[in-house]
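# Analysis of the macromolecular model
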Amino acid sequence: MSDVVQVNWPNHANAWREWRAAMGGTRMHHGWILAGKSGLGKHDFALAAARELVAEDSIPQPTGNHPDIIVLTYGPKDEKSERAASDGKPFDLARSIRVKQIRTMQKRLNTRPTMGQRRVVIVNPADDMEVGAANALLKSLEEPPQGTSFILVTHRPARLLPTIRSRCRVLRFPILKDAQLGKMLEVSGAVGGGTSSIAAIRAAEGSYGAALRFAGQDLAPVAALITSLLKKGDPSLTGRADLSRLIGPRADRERLQAVLELAQALVADLARSVDYTTQRAVLVEIHGELVTLAAQVPNYNFDTGLLTLEIGTLLMRAAPASDHAHG
């Protein structure tokens, strides 16, 4: 698969100015953190920025994957998955970026770049490195090989080791405006116009990736039920079971993350509109607990049914009637 970027990201202008100013300086920093919520095109930026950095005028550059751009992300889950991957078959992904992957990358850094004088290592998402992987990467950041730069894509930079953060420059990526999201969705054709597009934009909270997941995961019914739980609670005692059914008894990690992302967006949207300080405080607390759950999903085994019930219980607490129900 080619790593050439196709999407036009209107929220990247400031990041490009900072990156190109650094490239034009006397000494390019070797470590970079791309920070911002999921779905803002940080990985696309990393690939395009890496291509600019490794390119040399005298050397024709490939149009497909570049041999001097190393991308580390979730690898095969176990040996069985590794065999399936090597055979070109579907395989299960690990829940983190592992130390083995960092060690393999470091061995490659002992050789010269393939085409020119520079090489770039992209780690995405860097906040999902296991502890051993983070510590191993830190050693490369402390003593980077000649001509090697590191770009760490992160949705939650606070989860990175402080020693890693201190050795990198940070580029922050702002959320997209509603009008920008609408235009991008229109160009992509992934979401139909009218109410479906409006619902996707509202649920996305400025994230193009979230808007695409909203459409691809068919989350409109889930959004309607989440909104009902937030505003009315579960007086019929069927709402949480309905939520579990809509999410699916065997929902994969991507769907669970999409649902949690959607729930966070709808809670935040409601918190901005309520008039009562007490209710807003409850919504802020619920939002924080949803963020915690979302951070745990990639790294821990959950019973999907219990997790969806937990999500539903959290959402119910926002309903005004919940104050009376719990005394």
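All values reported here derive from a predicted model rather than from experimental measurement.

Counted residue by residue, strand β4 (residues 148-154) has seven buried out of seven residues, so it is predominantly covered. Of the pairings in the sheet, the one linking strand β1 (residues 31-35) to β4 comprises five bridges and is parallel in character. Looking across to β4, one finds that I33 is bridged to L152. Where strand β3 (residues 119-123) and β4 come together, five bridges link them in parallel fashion. Pairing of V121 across the sheet is with F150, part of β4. With respect to chirality, the unit in which β3 leads through helix α5 (residues 131-142) into the neighbouring parallel β4 is right-handed.

In this section: the sheet that holds β3. Read from one edge of the open sheet, five strands run β2-β3-β4-β1-β5, paired in parallel fashion. Bordering the open sheet on either side are β2 (69-72) and β5 (169-172), each of which pairs with just one other strand. Each strand of the sheet is rotated relative to its neighbour by a mean of 20°, with strand direction disregarded. Contacting β1, β2, β3, β4 and β5, helix α2 (residues 42-54) crosses the sheet at an angle of about 170° to β3. Against the sheet, α5 engages β1, β3 and β4, with an angle of about 140° to β4.

Further remarks concern the nonpolar core. One recurring pattern in soluble globular proteins is that nonpolar side chains are buried together. If you look at the biggest cluster of nonpolar residues, it comprises 69 residues, and the most contacted ones within it are W19 and L315. Considering every element that reaches this core, the biggest residue donor is helix α12 (residues 253-273), with 10 residues. Setting aside residues no more than four positions away along its own chain, W19 makes contact with M28, W32, F45, A49, E52, L53, I151 and L171. Membership of the second largest hydrophobic core comes to 23 residues, among which are I102, A126, A136 and L160.

On to the packing of aromatic side chains. A full pass over the atoms with the stated rule returns five aromatic pairs. Centre to centre, the rings of W19 and F45 are 6.4 Å apart; their planes meet at 85°, and the pair counts as edge-to-face. Pair noted here: W19 is in helix α1 (residues 13-23) and F45 is in helix α2, with a separation of 26 residues, a long-range link. The class of F45 is buried, set by a relative accessible area of 1%. When the centroid spacing of 5.2 Å and the interplanar angle of 75° are considered together, the rings of F45 and F173 count as edge-to-face. Of this pair, F45 sits in helix α2 while F173 sits in the loop between β5 and α7 (178-188), placing them 128 residues apart in sequence. Following the ring pairs from residue to residue traces out a cluster consisting of W16, W19, W32, F45 and F173. Just above the ring of W16 sits the side chain of R20; from NZ or CZ to the centre is 4.2 Å.

Take the confidence of the model for the chain next. Taken residue by residue, the chain gives an average pLDDT of 89. The fraction at 70 or more is 93%. Here residues 323-327 is a poorly scored stretch, pLDDT under 50, and it has zero contacts once near neighbours within four places are set aside; other chains count.

This next bit is on the pattern of salt bridges. Taken as a whole, this structure holds 15 salt bridges when the rule is applied. A salt bridge links E205 to R272; its shortest N-O distance comes to 2.6 Å. On the criterion of sequence distance, the pair formed by E205 in the loop between α8 (195-204) and α9 (208-216) and R272 in helix α12 is long-range, its members being 67 residues apart. On the basis of relative accessible area, R272 is assigned to the exposed category, the value being 55%. Between R317 and E285 there is a salt bridge, and its shortest N-O distance comes to 3.1 Å. Highlighted residues: R317 in the loop between α14 (304-316) and α15 (321-325) and E285 in helix α13 (residues 277-296), separated in sequence by 32 residues. A relative accessible area of 29% places R317 in the partly exposed class. On the accessibility criterion, E285 (45% relative accessible area) is partly exposed.

Reading the values: rules and limits
- Residues numbered from 1 in each chain as written.
- Predicted model: local features only at pLDDT ≥ 70, side-chain atom pairs only at ≥ 80, totals over all residues.
- Heavy atoms only, no water.
- Buried < 20%, exposed > 50% of the residue type's maximum accessible area, 1.4 Å probe, protein only.
- Helix = DSSP H or I, 4+ residues; strand = E, 2+ residues; numbered from the N terminus.
- Pairing = 2+ DSSP bridges.
- Right-handed = clockwise from strand over helix to strand, strands pointing away.
- Axes fitted to C-alpha atoms, helices over the stretch in contact; angles between N-to-C directions.
- Contact = heavy atoms within 4.5 Å.
- Core = buried A, V, L, I, M, F, W, Y, C linked by side-chain atoms within 4.5 Å.
- Phe/Tyr/Trp six-rings, centres within 6.5 Å; stacked < 30°, edge-to-face > 60°.
- Lys NZ or Arg CZ within 6 Å of the ring centre and 35° of its normal.
- pLDDT = per-residue confidence, 0-100.
- Salt bridge = Lys/Arg side-chain N within 4 Å of Asp/Glu carboxyl O.

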